Amino acid sequence: MKAIGYRQPQAITAPDALVDITLPNPIATGHDLLVEVKAVSVNPVDTKVRRSAAPAPGQEWKVLGWDASGVVKAVGPDATLFKPGDRVWYAGSIARPGTNSELHLVDERIVGHMPASLDFAEAAALPLTAITAWEMLFDRLGVAPGKAPTDQALLIIGASGGVGSILTQLAARLTALTVIGTASRPETREWVASLGAHHVIDHSRPIAEELKRIGHPTVDLIVSLTQTEQHLPHIVEAIAPQGKFGLIDDPASLDATLFKRKAVSIHWELMFTRSLFQTRDMIGQHRLLNEVAALVDAGLIRTTLSERFGVINAENLKRAHALIESGKARGKVVLEGF
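This one's a predicted model, so the numbers in the text were calculated from it and none came from an experiment.

Draft legend 1. Representation of the sheet that holds strand β13 (residues 239-247) within the structure. Strand order in the open sheet formed by 6 strands is β11-β10-β9-β12-β13-β14, and the pairing between neighbours is parallel. Looking at which strands have only one partner, the edges of the open sheet turn out to be β11 (199-201) and β14 (265-268). Sheet twist, expressed as the mean angle between neighbouring strand axes with direction ignored, is 20 degrees. Two elements, strand β10 (residues 178-182) and β11, share 3 bridges in a ladder whose sense is parallel. The partner of Ile180 across the bridge, within β11, is His199. Along the sheet, helix α7 (residues 228-238) makes contact with β9 (153-157), β12 (219-224) and β13, crossing β13 at roughly 155 degrees.

Draft legend 2. Representation of a positive patch on the surface in the model. Where like charges cluster on the molecular surface, the positive patch consists of Lys147, Arg173, Arg302 and Arg330. Within the secondary structure layout, Arg173 lies in helix α4 (residues 162-174). Relative accessible area serves as the criterion here: at 32%, Arg173 is assigned to the partly exposed category.

Draft legend 3. Inspection of the pairing of β12 at higher detail. The element β12 is extensively covered by neighbouring structure, given that 5 of its 6 residues are classed as buried. Bridge analysis of β9 against β12 gives 4 bridges, and the strand direction is parallel. Each residue of the ladder has a partner; that of Leu154, found in β12, is Leu221. Handedness of the β12-α7-β13 crossover: right-handed.

Draft legend 4. Structural context of the side chain of Thr168. As for its placement among the helices and strands, Thr168 is situated in helix α4. Within the structure, Thr168 has its side chain in polar contact with the backbone oxygen of Gly164 (distance 2.7 Å). The contacts of Thr168, once residues within four sequence positions are left out, are Ile156, Ala159, Val179, Val192, Leu195, Gly196 and Ala197.

Cut-off values and rules
Along each chain, residues carry numbers from 1 onward, in the same order as the chain's sequence is written. A pLDDT threshold of at least 70 governs which residues receive local features in this predicted model, and a stricter bar of 80 or more applies before side-chain atom pairs are shown or counted, although totals over entire chains, interfaces and linings include all residues. Water and hydrogen atoms play no part in the side-chain values, which are based on all heavy atoms of the structure. Pairing between strands is defined by DSSP: at least two bridges between the two strands are required. Counting from the N terminus, the helices are the DSSP runs of H or I reaching at least four residues and the strands are the DSSP runs of E reaching at least two. Think of each axis as a best-fit line through the C-alpha atoms, taken over the contacting stretch in the case of a helix, with angles from 0 to 180 degrees between the N-to-C directions. The contact criterion used is simple: two residues touch if any of their non-hydrogen atoms lie within 4.5 Å. Exposure above 30% relative accessible area and the lack of any salt bridge qualify a residue for a patch; like charges then connect within 9 Å, and the nonpolar side chains Val, Leu, Ile, Met, Phe, Trp and Tyr within 5 Å. Per-residue accessibility takes into account occlusion by the displayed protein chains alone, with areas from the Shrake-Rupley method and a 1.4 Å probe. We count a salt bridge whenever a side-chain nitrogen from Lys or Arg sits within 4 Å of a carboxyl oxygen from Asp or Glu. Here the positive residues are Lys and Arg and the negative ones are Asp and Glu; neither His nor the chain ends is included. To locate a charge, the coordinates of NZ of Lys, CZ of Arg, CG of Asp or CD of Glu are taken. Relative accessibility thresholds used throughout: buried, under 20% of the residue-type maximum; exposed, over 50%; partly exposed, between the two (1.4 Å probe, protein chains only). Note on handedness: a clockwise path from strand one over the helix to strand two, with the strands aimed away from the viewer, defines a right-handed crossover. In protein, a polar contact means a hydrogen-donor-capable atom and an acceptor-capable atom, both N or O and within 3.5 Å, with residues adjacent in sequence counting only if both atoms are side-chain atoms; elsewhere, any N or O pair within 3.5 Å suffices.

Structure below.
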């Protein structure tokens, strides 16, 4: 099968940072599905792994990619949730070979039925970010879905990116929270507003001051999706006493004692945790993706696809990685077909 991989971690500018390769076709065992990959999207985790992780011991190549949409070709003997021919979407496991390949193995417990109203590219934009956003909002921060009136507000730092684009929609459509997103460029501010944010502020300015400007000097819930270390002093200032703070990025350090005086709880989200540790509730991601698919088909959530980068090959993936690393991506970049 065709695939894209690398032999050693390198900058994306290196000629062999990502190369087109041929690998043996995998075989489904256990709970696995063998999926014919139709489209993939690129996430910041792809670039982080490419820069830092070598192939597994005994493996010549490392294949990246987690988001995927495709068609089930075969199922393992223990698989019961899907059958050949089913259209599926998922975000894979960081502990296994990635989706940048024609055929891919994935545990069915982290796979959902693809929305009927989306094409493969539109669907591939959503799984990883939808899982991350859903788990952050409802599982980590404990927000209750529903429109019961509330005076609580949610601040999303980095609302125009992949996770921010779906988190903004989930919070605006499924809760009564006042949703405040941050974006620094005219096109990204317009994007965040179009996703349902009630206010859009500029994170290139002091966030605490921006919140005061719109009449929200403190907010109950803050989610930081990027540059947490840079924004931390303003997060500490802006969060309300007994508030909740969630983050997904990798600050070099995080001084939790800064939040003690306000009794703020801190919540990390990593959507790979369930698959990485084979948790008892691993099948929750299967159910979650099916629920998101229903929301998409009902018109409540829209795809966050922003750019189609052509077929799935090394050249186009390198372009996508470079865009992600520039910090200027809006929504999701998708590649489709081999």
